[in-house]
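Analysis of the macromolecular model
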Amino acid sequence: MTNETTLKNLNTALQMELSAAHQYQLHAHVLDDWGLDKLADQMREEFEEETEHSNLFLERMFELGGEPEMAFATTPKVAKSLQDMFNMDLADEKEATEFYTKAAKAAYEAGDLKTKKLFETIAIDEVGHQNWLELQLSLIERIGEQNYASKYVSAGEAEEE
């Protein structure tokens, strides 16, 4: 295992996080368009968290003397429904968790404990995202997308107060 492998993994992780951040940004705008402003705000928080992850990968690459490749791993896509949105995100989060777990092992084998810890920490964050997405999908399955969506609309709340 070489420093080159660690830098390659950091670049892959950076690109995955940039893709995820901008996927959440796109989701926020789609949700605003659908009138689901509360859920859009939550997606903006996810955007910020994924952006922070990309910053951590950038910092580590520079510490190791690497050269970041600022690109998307995948192109963000417009979802057609909430279920579609959450399923896309869940697949991405699972892929990220699997990759970060393997990258942590590779960093450990290379004797790079700081990068190992970084990959593990972000993998744990991604597991948290997976759990939340699985819960949302379960709720949609149990109560229906329309009922689920109704809790994320603030239209009319100011008038009721």
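Position labels on residues start from 1 in each chain and follow its written sequence. The predicted nature of this model means local features are confined to residues of pLDDT at least 70 and side-chain atom pairs, given and counted, to a pLDDT of 80 or more, with totals for whole chains, interfaces and linings taken over all residues. Only hydrogens and water are set aside; all other atoms, that is, all heavy atoms of the structure, feed into the side-chain values.

UniProt positions are given in the numbering used here, feature names are shortened, and annotations may be inferred rather than shown by experiment. Mapped onto the present numbering, the UniProt feature "binding site: Fe cation 1" (unreviewed entry) falls on Glu17, Glu50, His53 and Glu126. Their sequence span is 110 residues, while the largest C-alpha to C-alpha distance among them is just 10.6 Å; these annotated residues converge on one region. Numbering of helices and strands runs from the N terminus; a helix is a DSSP stretch of H or I covering at least four residues, while a strand is a stretch of E covering at least two. Tracing the sequence through the fold places glutamate 50 in helix α2 (residues 37-63). We call two residues in contact when some of their heavy atoms are within 4.5 Å. Leave out the neighbours within four places in its chain, and glutamate 50 touches Glu17, Ala20, Ala21, Tyr24, Glu93, Glu126 and His129. Accessible area is worked out with a 1.4 Å probe on protein chains only. A residue is then buried under 20% of its type maximum, exposed over 50%, and partly exposed in between. Owing to a relative accessible area of 1%, glutamate 126 belongs among the buried residues under this scheme. Leave out the neighbours within four places in its chain, and glutamate 126 touches Glu17, Glu50, His53, Glu93, Ala96, Thr97 and Tyr100.

A few words now on the UniProt feature "binding site: Fe cation 2" (unreviewed entry) in the protein chain. Here, the residues flagged by UniProt with the feature "binding site: Fe cation 2" (unreviewed entry) are Glu50, Glu93, Glu126 and His129. What stands out for the annotated residues spanning 80 residues is how close their C-alpha atoms remain, the widest pair being 11.0 Å apart. With respect to the secondary-structure elements, glutamate 126 resides in helix α4 (residues 113-143). By the secondary structure assignment, histidine 129 is in helix α4.

What follows covers helix α3 (residues 82-109). In this scheme, a helix's expected span is set at 1.5 Å multiplied by one less than its residue total. Taking 1.5 Å of rise per residue, the 28 residues of α3 would be expected to cover 40 Å, and the 40 Å separating its terminal C-alpha atoms lies within 8% of that figure. Just downstream of α3, glycine 111 is the residue with a positive phi angle, here 80 degrees.

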